[in-house]
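Residue-level listing of the chains:
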Amino acid sequence: MDKGVALTFTNWILAFLPILVLLSTILLFNWGAPKSGAVSWFTAVIIGLFVFGGDSQLLALANSKGMAMSLYVLLIIWGAVFLYNLVEKIGAIKVIGDTMIKVTEEKLLQCLLMSWCFASFMQGIAGFGVPVAVVAPIMLVMGFPPAIAAATCLVGHSWSISFGSMGSSYYTIQLVTKIPGEVIGPWMALLFAVPIYATGIAVCHIYGGFAAVKRGLPAVLITGTVMAFMCWFMNIIGAAQLATLIPALFGCGTMAVLAKTIYRHEADGQEKQPEAPVMGFNMAFSPYYILIALCIMTQIKGIANFFAPYTWGLNYPAVTTAAGFAVKAEKMYSKINIFSHPAPLLIAAAICGYFIFKMAGKWKQGAAAEALKATFSQCVPTSIGIATMVMMALIMNDTGMTNLLAQGIANSTGALFPIFSPFIGVLGAFLTGSNTNSNVMFGALQYETAKVLGISTVIMSAVQSVGGSVGCSIAPSKVLIGSATVGLDGRESEVLNRTIPYCIIISLLVGINAWIFAYALFKDLP
């Protein structure tokens, strides 16, 4: 795998050109992800064919791999967004949100509960802008200023994105690095401890400066510890797809306990008479109870073994470029376990939710059709963007471009690379608005750079996804959503200017932590 085109400045620039095209089309021309992804993919094809020695067979196989990998992730995205839209059309999401509001009258605690914990719970359910779109308007109604509502949601839930959306980004980093989930997942969870605490502190600071940080620090430390532990624990028991949803639920519960104990005399808000709910919280939450139960059931050894043979995947032969870069053969590439993949579980939860709402008389005629229409509208552009970017990444990987980029980065940054590593993930998220896309673009690059430097590929691959998660707080697409939902259309800079400093500081802390992990604490980890 070390052979291929020689590392020269010209060849390195050519290898970087597909990414440069993606950068320039998004930043300079304001193209959307589908169009930018397509042009970047075409650029990778041309350079791979004429500079890096790829032939038609190799490029066809790389594109096929890209489509197979895209299918794995897109099934999760479509399933998660459909379930959310179905529950939202019934009115259950509003019930869940209203329940959160009743927990405390203390405004700082409300801010932490909604933007740090509840928005993260929404990320565990759906993601892709849903947490900001749902929670920021609720905070506006609760009396928070528009820019603070949007900024706290963007920063507060950014820790939750890698394991959110039923683990779509988590599965993607596995696919591009070929590191098993049971290996990379716990390390990702450990590295997320710093962002969990840091995002909580950032929410306090955005809300009320250092005075609010001082007042909210006990809540952040206690709740952050609970969420960090549950994130790690869900990975240890093999339920990484719940490693956002469950920690966020525990975080909401912990905040509720704190509101009734150490913060019970600190209310600075005014109690509002709530509207009569259309249903109870347990009824509203029932599809997610079912989803959690199904996810846990699929981890039971006997059940997992019974359904293990029901898989789908494609086999690919070994190929070599004209420059001598060898690509290994693949068996069951991007393998989908049909009965334990998140998508069937999401659809099963939606079907069960339909019967529960129907029997309780809460079902609304046409809700399923409306949810499907909304899902189609939301997911088609995302799907095109992801597919083209994945194919671009696979072409770069299989022609040796990614390997060459890694050699150049390793030579220029040396032992300081772990500090810069999370900012690569941030860059990918900023450009594409997606941690999933960031992992696709740069996951293999981080892996290869770690190999060249002789440090842990597991840690550096995990850091990529952590950085991509944190970077979503400044992604223009997410900032636009947050600004629009609180009435700041055309004033997005007010929100972005609030989120950028926290993203930079948190990413730097992640980088320092990564350096300590890679060069001091776990230098023998593969």
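The residue count restarts for each chain, going from 1 along the sequence in the order it is written. Totals for whole chains, interfaces and linings use all residues, but because this is a predicted model, local features are given only for residues with pLDDT of at least 70 and pairs of side-chain atoms are given and counted only at 80 or more. Calculated side-chain values reflect all of the structure's heavy atoms, with hydrogen atoms and water omitted.

Asks: How should I be thinking about the overall build of the chain in this particular structure?
Replies: Looking only at helices and strands, the chain features 21 helices and four strands. We compute the radius of gyration from the C-alpha atoms alone; for a globule the expected value is 2.2 Å times N to the 0.38, where N is the number of residues. Computed over C-alpha atoms, the radius of gyration of the chain comes to 23 Å, within 12% of the 24 Å expected from 2.2 N^0.38 for 526 residues, which places it in the range of a compact globule. With 526 residues in all, the chain has 57% of them scored as buried. Of all intrachain contacts in the chain linking residues separated by at least 6 positions in sequence, the fraction that spans at least 24 positions is 81%. Method for areas: the Shrake-Rupley scheme with a 1.4 Å probe, in which residue coverage is limited to the protein chains shown. Summed over its atoms, the accessible surface of the chain is roughly 20200 Å², and 68% of this surface lies on carbon and sulfur atoms. Looking at the chain, you have 26 positive and 19 negative side-chain charges, and the mean spots of the two groups are 4 Å apart. Under the scheme used here, helices are H or I runs from DSSP no shorter than 4 residues and strands are E runs no shorter than 2 residues, and both carry numbers assigned from the N terminus. Burial here depends on accessible area, computed with a 1.4 Å probe over protein chains only, as a share of the maximum for the residue type. Under 20% is buried, over 50% is exposed, and the range in between is partly exposed. For this analysis, residues touch if any pair of their heavy atoms sits within 4.5 Å. Only four residue types enter the tally: Lys and Arg on the positive side, Asp and Glu on the negative side; His and the chain ends are excluded. Charged side chains are reduced to one point each, which is NZ for Lys, CZ for Arg, CG for Asp and CD for Glu.

Asks: I would appreciate a short explanation of the layout of surface pockets in the present structure.
Replies: Cavity: a set of points on a 1 Å grid over the protein atoms alone where a 1.4 Å probe fits but cannot get out. Pocket: an open set with protein on both sides within 12 Å along at least five of seven lines, its lining residues, like those of a cavity, having an atom within 4 Å of a point. Grid points are joined across faces, edges and corners, and a volume is the space filled by probe spheres set on the points. If you add up the space inside the largest pocket, you get close to 940 Å³. As for the largest pocket, its lining consists of 32 residues, of which Y72, Y171, Q174, E182 and N337 are closest to the centre. Going through the elements one at a time, α8 (164-177), α9 (181-191), α13 (301-307) and β4 (330-337) are the ones with two or more residues in the lining of the largest pocket. By residue number, the principal contributor to the lining of the largest pocket is β4, which donates seven residues. Its residues assigned to classes, the lining of the largest pocket comprises 15 nonpolar, 12 polar and five charged. The classification used treats Ala, Val, Leu, Ile, Met, Phe, Trp, Tyr, Cys and Pro as nonpolar, Asp, Glu, Lys and Arg as charged, and all other residues, Gly among them, as polar.

Asks: How should the packing of helix α5 (residues 107-125) against helix α11 (residues 245-260) be read in this particular structure?
Replies: Between two packed helices, the angle of one axis relative to the other and the distance separating the axes together describe the packing. Two elements in contact, α5 and α11, have axes separated by 8 Å at closest approach and are oriented at 160°. Our classification of the angle between α5 and α11 gives roughly antiparallel. Here α5 and α11 pass one another in a crossing that is left-handed. In this structure, α5 contributes L109, L112, L113, C117, F118, S120, F121, G124 and I125 to the contact, and α11 contributes L245, A248, L249, G251, C252, M255, L258 and A259. Split into classes, the residues belonging to the contact of α5 with α11 amount to 14 nonpolar, three polar and no charged. Helix axes are fitted to C-alpha atoms over the stretch in contact, other axes to C-alpha atoms as well, and angles between N-to-C directions run from 0 to 180 degrees. Angular relationships are summarised with four words: roughly parallel below 35 degrees, roughly antiparallel beyond 145, roughly perpendicular across 65 to 115, and oblique for the angles in between. Take the far helix as your reference; a near helix turned counterclockwise from it by less than a right angle gives a left-handed crossing, and one turned clockwise gives a right-handed crossing.

Asks: Could you clarify how one ought to interpret the environment of K335 in this entry?
Replies: Mapped onto the elements, K335 comes out in strand β4. Residue class for K335 comes out partly exposed when judged on its relative accessible area of 41%. Each C-alpha atom of the pair K335 and L17 lies 31 Å from the other, and the pair is 318 residues apart in sequence. Every residue in contact with K335, bar those within four places of it in the chain, is listed here: Y72, T311 and W312.

Asks: Got a minute to help me understand empty space enclosed by the protein in this structure?
Replies: The final tally for this structure, using the stated rule, is four cavities of 30 Å³ or more. In this structure, the second largest cavity encloses a volume near 60 Å³. M69, L175, V176, K178, Y333, A393, L394, N397, V440 and A444 are the residues that line the second largest cavity. Every element with two or more residues in the lining of the second largest cavity is listed here: α8, α15 (367-399) and α18 (435-453). Counting residues per element, the lining of the second largest cavity draws most heavily on α15, which supplies three residues. The class makeup of the residues in the lining of the second largest cavity is eight nonpolar, one polar and one charged.

Asks: For this particular structure, what's the right way to read the nonpolar core?
Replies: Generally speaking, soluble globular proteins have nonpolar side chains that are buried together. Put simply, a nonpolar core is a bunch of buried Ala, Val, Leu, Ile, Met, Phe, Trp, Tyr and Cys residues held in one set by side-chain atoms that sit within 4.5 Å of each other. One finds F118, F121, M122 and L291 to be the most contacted residues of the largest nonpolar core, which totals 165 residues. When residues in this core are grouped by element, the largest group, 19 residues, is from helix α3 (residues 56-90). Here F121 is in contact with I96, L245, A248, L249 and F285, once residues within four sequence places are set aside.

Asks: Can you walk me through the packing of aromatic side chains in this structure?
Replies: The geometry of an aromatic ring pair comes down to the distance between the two centres and the angle between the two planes. Under the pairing criterion, centres of Phe, Tyr and Trp rings, with the six-membered ring standing for Trp, must be within 6.5 Å; the plane angle then separates stacked pairs below 30 degrees from edge-to-face pairs above 60, leaving the rest tilted. What the rule picks out here adds up to 23 aromatic pairs. When the centroid spacing of 6.3 Å and the interplanar angle of 75° are considered together, the rings of F121 and Y288 count as edge-to-face. Taken as a pair, F121 in helix α5 and Y288 in helix α12 (residues 281-297) lie far apart in primary sequence, 167 residues in all. When its relative accessible area of 0% is taken as the criterion, Y288 is described as buried. By the criterion adopted, a ring carries a charge over it if an Arg CZ or a Lys NZ lies within 6 Å of its centre and within 35 degrees of its normal. Taking NZ or CZ as reference, K65 lies 5.9 Å from the ring centre of Y333, over its face. We note K107 situated over the ring of F144; from NZ or CZ to the ring centre the distance is 4.2 Å.

Asks: In this structure, what is going on with unusual backbone geometry? I would like to understand it.
Replies: Negative phi is the rule for most residues except glycine; trans is the rule for most peptide bonds. A positive phi is found at K178, a non-glycine position, where the angle reads about 65°. When you line up the elements, K178 lands in the loop between α8 and α9. Taking relative accessible area as the criterion, K178 reaches 48% and is therefore assigned partly exposed. At M332, a residue that is not glycine, the phi angle is positive and equals roughly 50°. Structurally, M332 can be placed in strand β4. Using a relative accessible area of 29% as the deciding quantity, one classes M332 as partly exposed.

Asks: Quick question: what am I supposed to make of the side chain of N11 here?
Replies: Residue placement: N11 occurs in helix α1 (residues 9-27). A relative accessible area of 15% means that N11 is categorised as buried. Separated by 2.8 Å, the side chain of N11 and the backbone oxygen of A6 make a polar contact. Not counting chain neighbours up to four residues away, the residues in contact with N11 comprise V5, A6, V51, F52 and L404. Definition of a polar contact: a pair of N or O atoms within 3.5 Å, with one able to donate and the other able to accept a hydrogen when the atoms are protein atoms, and with sequence-neighbouring residues admitted only if both atoms are side-chain atoms.

Asks: Would you mind going over the packing of α3 against α8 with me for this structure?
Replies: Their axes nearest at 8 Å, the elements α3 and α8 cross at an angle of 170°. Accordingly, the angle class assigned to the pair α3 and α8 is roughly antiparallel. Taken together, the residues of α8 that come into contact with α3 (itself represented by M69, Y72, V73, I76 and I77) are S165, M166, S168, Y171, T172, L175 and V176. Among the residues forming the contact of α3 with α8, the class breakdown is nine nonpolar, three polar and no charged.

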